[in-house]
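The primary structure of each chain is shown beneath.
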Amino acid sequence: MNVAPAPAGHLLPPIFVRPQGLAPYACQPSTSRGRLYPEEESATRTCYQRDRDRIIHSTAFRRLKHKTQVFVQHEGDYYRTRLTHSLEVAQIARSMARLLAVDEDLAEALSLAHDLGHTPFGHAGEEALNGAARAIGGFDHNAHTLRLVTRLEHRYAGFDGLNLTWETLEGLVKHNGPLEPQSARLPGPIAEFDHLWSLELERWPGVEAQIAALADDIAYVNHDIDDALRAGLFSVDDLMGAPLAGPMACLVIDRFGQLEPGRFIGEIVHRLMTALIDNVLRESRRRLTDAGPRSVEAVRILKSGVIGFSPGMEEQLAGLKDFLFAHMYRHPRVMESMAVAKRILAELFKALSENPELLPPDWKAACSAGGESRAARVARDYIAGMTDRFAILEHQRIFGREMELRSGQP
């Protein structure tokens, strides 16, 4: 297909000019609050680059390859997994961080790590594990991410976890905004770590963490449209009635006529992603100019976040998310497979918490220091770390029957 190129001499607007150096409100590696366990820093990498590298080399990061985003991982190679989603978030966050003159490596590290704590089978798995483990405080994926990087990863002889910098831990816990330290809803793992090393829960996180949170929104809305159209969960005609994406679909059809599916999807995602990123950059620059923070500490004490969509875009995006909720996340094919997934995790938790002998030796040994509640906590951590297919295999091993999930095909 031949498409006319853009006119010669076409210039991007000034907002897309890369600034020189870091802004005063950026998290500066040289002024990091350091690590819980003191270490000599690298001569060739900043502390945030080192955090990013530790995250990439962690076992939890590798497991994201086989964890559901929306579709069960084994349903098809075209659909996103938690790993491909995290890579897309990191790309968007790094680009925005560069243009807002903050630390790209910290934004990237937070993006790569933001989903480490997710259970198998996506949000359905989290709902199931949260309900099954309610007697011991339930389950929260953000809190579990913190446990992974501070306790459960065993890669270093001198400490548990990855020993990430304070700024990375702050961003992982507060990327969606401040938390209430005294709230009964504050997950136990976060409260426990905050008592050990305060993350200043009541304050806003740095700009880099706020960027990672918005990059997550931008990535998942776009790739869920892509995946849903490829899977046939809704049609192009359905999409044309959706807020925000609908008018863009009409423009693509008006300009190009009928396109093969891959090209049509690519045009929609390209235009929608560009519009969302452009809006965040313009709105965030306006907020930063109005607030005038001269340090990252000044960002943390503000009454509201400095990274966000404009009110009009926020409203349109909320409408698009409602469309995806109704047409994709609650589609009968997705719901059917997720019902089976919930049953798998609930039955696994009951069996493993009541009979720790079913756990692998190292996990079984971790139960020896406590009673039933200790066994339940170990079982919760063990299950949360499973991939989709390993959860299915463990269930088959314990119960002697095969539970099959199918969601990607009509």
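Residues numbered from 1 in each chain as written. Predicted model: local features only at pLDDT ≥ 70, side-chain atom pairs only at ≥ 80, totals over all residues. Heavy atoms only, no water.

## Thoughts on the environment of proline 120
Here is the rule we go by: In this text, helices come from DSSP runs of H or I with a minimum length of four residues, and strands from runs of E with a minimum of two, each type numbered from the N-terminal end. A 1.4 Å probe rolled over the protein chains alone gives each residue an accessible area, and that area as a share of the maximum for its type sets the label: buried under 20%, exposed over 50%, partly exposed in between. The criterion used for residue contact is that any of the two residues' heavy atoms lie within 4.5 Å.
Note that proline 120 resides in the loop between α4 (104–113) and α5 (122–132). Looking at proline 120, the relative accessible area reads 0%, which means it is buried. Leave out the neighbours within four places in its chain, and proline 120 touches Lys67, Gly125, Leu345, Ile383, Ala384, Met386, Thr387, Asp388 and Ala391.

## A few points about the state of the cysteines
Among covalent bonds in proteins, the disulfide is the one between the sulfur atoms of two cysteines. So the rule is basically this: Any two cysteine sulfur atoms lying within 2.5 Å of each other are counted as a disulfide.
Throughout the structure, instances matching the rule amount to zero disulfides. Here cysteine 47 stays unpaired: no disulfide links it, and the sulfur of cysteine 27, its closest cysteine neighbor, is 9.4 Å away.

## Let's talk about the packing of helix α9 (residues 207–231) against helix α12 (residues 261–291)
Note the cut-off: Structural elements are reduced to axes, namely lines fitted to C-alpha atoms, with helices fitted over the stretch in contact, and the angle between N-to-C directions of any two is expressed from 0 to 180 degrees. Just so you know how the angles are binned, under 35 degrees is roughly parallel, over 145 roughly antiparallel, 65 to 115 roughly perpendicular, and the rest oblique. Each helix crossing is assigned a hand: it is left-handed if the near helix lies turned anticlockwise from the far helix by less than a right angle, otherwise right-handed if that turn is clockwise. Side-chain classes follow a simple rule in which Ala, Val, Leu, Ile, Met, Phe, Trp, Tyr, Cys and Pro form the nonpolar group, Asp, Glu, Lys and Arg form the charged group, and the remainder, Gly included, forms the polar group.
Look at α9 against α12: their axes get within 10 Å of each other, and the N-to-C directions meet at 165°. By the criterion of interaxial angle, the relationship of α9 to α12 is roughly antiparallel. As α9 packs across α12, the resulting crossing turns out to be right-handed. Seen from α9, the contacting residues are Leu214, Ile218, Val221, Asn222, Ile225, Asp226, Leu229 and Arg230; seen from α12, they are Gly262, Ile265, Val269, Leu272, Met273, Leu276, Ile277 and Val280. When grouped by side-chain class, the residues that make up the contact of α9 with α12 number 12 nonpolar, two polar and two charged.

## Some points on the confidence of the model for the chain
Counted only if it meets this: As a per-residue measure, pLDDT reflects the predictor's confidence and takes values from 0 up to 100.
Overall, the predicted model of the chain reaches an average pLDDT of 90, with 90% of residues at or above 70. Below pLDDT 50 for its whole length, residues 1–12 participates in six contacts with residues either more than four positions away or in separate chains. For the stretch residues 72–77, pLDDT sits under 50, and the model shows 19 contacts to residues farther than four places along the chain or on other chains.

## Re the packing of helix α1 (residues 47–56) against α4
For the pair α1 and α4, the least separation of the axes is 8 Å and the interaxial angle reads 20°. Judged by the angle between their axes, α1 and α4 are roughly parallel. In this structure, α1 crosses over α4, and the sense of that crossing is left-handed. Touching Tyr48, Gln49, Arg52, Ile55 and Ile56 of α1 are Asp105, Leu106, Glu108, Ala109, Leu112 and Ala113, all from α4. Across the contact of α1 with α4, the residue classes break down as seven nonpolar, one polar and three charged.

## Section: the pattern of salt bridges
Formally: Basic side-chain nitrogens of Lys or Arg form a salt bridge, by our definition, when they fall within 4 Å of a carboxyl oxygen of Asp or Glu.
Inspection of the entire model under this criterion finds 36 salt bridges. For glutamate 108, the salt bridge is made with arginine 52, and the minimal N-O distance between the two is 3.3 Å. Here glutamate 108, found in helix α4, pairs with arginine 52, found in helix α1; they are 56 residues apart in sequence, far enough to count as distant. Each of the two residues, glutamate 108 as well as arginine 52, counts as buried. Between arginine 94 and aspartate 105 there is a salt bridge, with the nearest N and O atoms lying 3.0 Å from each other. A residue pair is termed long-range when its members are at least 10 positions apart, and arginine 94 in helix α3 (residues 82–99) and aspartate 105 in helix α4 qualify at 11 residues.

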